[in-house]
Amino acid sequence: MLGLELTPEHPVADLVELGTQAEREGYDSLFVSCHYNNRDPFAVLARLAAETDDIRLGPGVANPYEMHPVTLAAKVATVAESSGGRGLLGIGPGDPSTLRNLGLEDERGLRSVLEAFKVAQDLWNGKRVSHDGTFEANDAGLNFDVPGEIPVYVGGEGPHMCRMAGKHADGLLFNGSHPDDLAWAREQVDIGREDRPDERGEFTLAAYASVSISEDEDAAREAARPPVAFITAGAAPPVLDRHGIDAERASDIGEKISAGAFSEAFGLVTPAMIDAFSMAGSPDDVADQMAAVRDYADGIVVGSPIGPDLEEAITLAAEAYCVTEQ
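Residues numbered from 1 in each chain as written. Predicted model: local features only at pLDDT ≥ 70, side-chain atom pairs only at ≥ 80, totals over all residues. Heavy atoms only, no water.

Participant: Quick question: what am I supposed to make of the environment of Ala-280 here?
Facilitator: Mapped onto the fold, Ala-280 is located in strand β10 (residues 279-281). Measuring from C-alpha to C-alpha, the distance between Ala-280 and Pro-305 comes to 9.7 Å, with 25 residues separating the pair along the chain. Other than its neighbours up to four places away in sequence, Ala-280 contacts Ser-212, Ala-220, Arg-221, Ala-224, Ile-274, Val-286 and Gln-289. (Helix = DSSP H or I, 4+ residues; strand = E, 2+ residues; numbered from the N terminus. Contact = heavy atoms within 4.5 Å.)

See the structure below:
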């Protein structure tokens, strides 16, 4: 997998231009990120479905709390229909800093993610569903046929989420950019895959990486500050410990993000955080980092910020990935 994450902090028309460019550059999967304070990802995906031909499209990473999971399944099915069977679903427990704003932080968990995508798969297969678990559904169904198979990629980084993905999903979008983290993720996924039924088919472990690439190395590292702040704030204590990141400072970053004090949060990001939680620097730097990660991962999703110049960065990141294929 060579995927790209587009964050709808930009106007929809701009995102469509970037998405069509990504298809031309050879990306095979395109995820539109899901946060309440950005534009509606499904509005972006609808436009992308009309303007692209081959690239797979879906939300990444949606959560099952901000909308009913049956509604989420219907929206993803609509993307699949409007794109001629190119839909995909990235689903996970959501970003704690933004869910805190909606009073949903305590809803996060593995069971809700698993139940949501299992119900979605039944709906896509034409079944009517009744469910009583982390959410309720009573004889729910879709009144249209869903074309193609919709692969489900679980977004997460905790050990249980990684193992669950290995057993039940089509892949894991591991929120990591460092080879040490991907090596650990591979171990967790392999534990889950020991109980994976053969009929579930192939599994893809993808590094859902914060990438910031530019010919100007300093500009690339500076552009990495915002996404690294969000990643640091949501990182589990063992992940912080693995990279020697101060947990109290990470907590402070999360509190400032929740309060909307973004400049202050980004200012607390250290060089060590950028090294741990992003692939940031020149094309040669990023190519080396991608190669190290691909010792453990089956693919890479190029995530926010991509780079200080988005159009240039989409091209440079694809070229850097191609180096790892040689």
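Participant: What exactly am I supposed to notice about helix α2 (residues 41-51) here?
Facilitator: Working note: α-helix, 3.6 residues per turn, so residues spaced by three or four point in the same direction. Those residues of α2 lying buried are Pro-41, Phe-42, Val-44, Leu-45, Leu-48 and Ala-49. The arc enclosing the buried residues of α2, seen along the axis, measures out at 150°, which places them on a common side. Contacts made by the buried residues of α2 are with α1 (12-25), β2 (29-32), β3 (56-59) and α3 (69-82). If you check the start of α2, you find a side-chain oxygen 3.0 Å away from the backbone N of Phe-42, and it comes from Asp-40. (Buried < 20%, exposed > 50% of the residue type's maximum accessible area, 1.4 Å probe, protein only. Arc of directions from axis to C-beta. Polar contact = N/O pair within 3.5 Å; in protein donor to acceptor, adjacent residues only side chain to side chain.)

Participant: Sorry if this is basic, but what is going on with the nonpolar core here?
Facilitator: Inside soluble globular proteins, nonpolar side chains tend to come together where they are buried. The biggest cluster of nonpolar side chains holds 82 residues, and the ones touching the most others in it are Leu-4, Tyr-27, Phe-117, Trp-124, Leu-172, Met-290 and Val-302. If we skip the residues at most four places from it in the chain, Phe-117 touches Leu-89, Ile-91, Val-152, Val-154, Met-164, His-168 and Ala-169. Of all hydrophobic cores here, the second largest spans 19 residues; its members include Ile-245, Ala-250, Val-269 and Met-273. (Core = buried A, V, L, I, M, F, W, Y, C linked by side-chain atoms within 4.5 Å.)

Participant: Just checking my understanding: could you explain the pairing of strand β9 (residues 204-213) for this structure?
Facilitator: Within a regular strand, side chains alternate between the sheet's two faces. Counting buried residues in β9 gives nine out of 10 residues, a clear majority hidden from the surface. Running through helix α7 (residues 179-193), the crossover from strand β8 (residues 171-174) to the neighbouring parallel element β9 is right-handed. Of the strand pairs in this sheet, β9 and strand β11 (residues 299-306) are connected by six bridges, and their pairing is parallel. By the bridge assignment, Ser-212 is partnered in β11 with Ile-306. (Right-handed = clockwise from strand over helix to strand, strands pointing away. Pairing = 2+ DSSP bridges.)

Participant: Which parts of the structure should I look at to understand unusual backbone geometry?
Facilitator: Excluding glycine, a negative phi dihedral is what most residues carry, and trans is how most peptide bonds are arranged. A cis geometry characterises the amide bond from Gly-60 onward to Val-61, with omega recorded as 10°. For Val-61, the location among the structural elements is in the loop between β3 and α3. Cis rather than trans, the peptide bond between Ser-304 and Pro-305 has omega equal to 10°. Relative to the assigned elements, Pro-305 resides in strand β11. You will see that Asp-139, though not glycine, has its phi angle at about 50°, which is positive.

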